[in-house]
Amino acid sequence: VLLHRRLIAHACHALAHTDIMTEEKQETVVLVTGGTGLVGRALQAVVAEGVADGSIDKSEKWVFLSSKDGDLRKAEDVEAIFAKHKPTHVIHLAAFVGGLFRNLKYNVEFYRYNMAMNDNVLSISHKYKVQKVVSCLSTCIFPDKTSYPIDETMVQ
């Protein structure tokens, strides 16, 4: 499972990293929503390793957000986050989640919350002229009969 998370994190980093070719070099700021979630933490580890081994430029600024930084369902919170950090790149990993039973009980609310988050992140990214946005969708699996731990070969 750790290898799977690292592969996802490497893919997210590869998609997000773009050399900036302008006359006046702009600071690269990569804003990661959901930075304290499963994939966000894996991405943090990959970035730390990359900075340590030189495969990621130390001048890049990586900002890993949590829900404590603002409510992405509210456009004004997203606007404030973007005004503060001025991202050039966004990796959008945040999602409103709650486990199987809450997802089943409040499926319409979860859908609306996640749509609002995605809309706000994308529209504010456009407004701030973010160069590249990578959005990763999330889901959970609860197989009826399986052995644990579950790995990616067991997902249909």
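Rules used throughout
- What you see as residue numbers is a count from 1 along each chain, following the sequence as written.
- Given that this is a predicted model, residues contribute local features only at a pLDDT of at least 70 and side-chain atom pairs are listed and counted only at 80 or more, while totals for whole chains, interfaces and linings are drawn from all residues.
- Derived side-chain values reflect all non-hydrogen atoms in the structure, with water molecules and hydrogen atoms excluded from consideration.
- Think of it this way: any DSSP run of H or I at least four residues long counts as a helix, any run of E at least two long counts as a strand, and we number them from the N terminus.
- A simple rule labels every residue: compare its accessible area, found with a 1.4 Å probe on the protein chains alone, to the largest value its type can have, and call it buried under 20%, exposed over 50%, or partly exposed in between.
- It only takes one pair of heavy atoms within 4.5 Å for two residues to be counted as in contact.
- Residue exposure ignores everything except the shown protein chains as possible cover, and the areas themselves are Shrake-Rupley values with a 1.4 Å probe.
- In predicted models, pLDDT denotes the confidence assigned by the predictor to each residue on a 0 to 100 scale.
- Paired strands are those between which DSSP finds at least two bridges.

Moving on to the overall build of the protein chain. Summing up its helical and strand segments, the protein chain has five helices and four strands in all. Residues counted as buried form 31% of the 156 residues belonging to the protein chain. Across the protein chain, every contact between residues at least 6 apart in sequence was considered, and the portion connecting residues at least 24 apart equals 72%. Counting only carbon and sulfur atoms, one obtains 57% of the accessible surface of the protein chain, whose full area is about 10,300 Å².

Let's shift gears to the confidence of the model for the protein chain. Residue-level pLDDT values for the protein chain average 83, and 77% of them are 70 or greater. Taken element by element, the protein chain is modelled with least confidence in helix α1 (residues 2–16), mean pLDDT 57, and with most confidence in helix α3 (residues 75–85), mean pLDDT 98.

Two faces make up the sheet, and in a regular strand the side chains alternate between them. Where burial is concerned, the two faces of strand β3 (residues 89–92) agree: the one with His89 and Ile91 and the one with Val90 and His92 are both buried. Pairing analysis gives four bridges linking strand β1 (residues 29–33) to β3, with the strands arranged parallel. Along β3, the bridge assignment pairs Leu31 with Val90. Looking at chain direction, β3 and strand β4 (residues 132–135) are connected through four bridges and run parallel. Each bridged residue has a counterpart across the sheet, and for Ile91 the counterpart in β4 is Val134.

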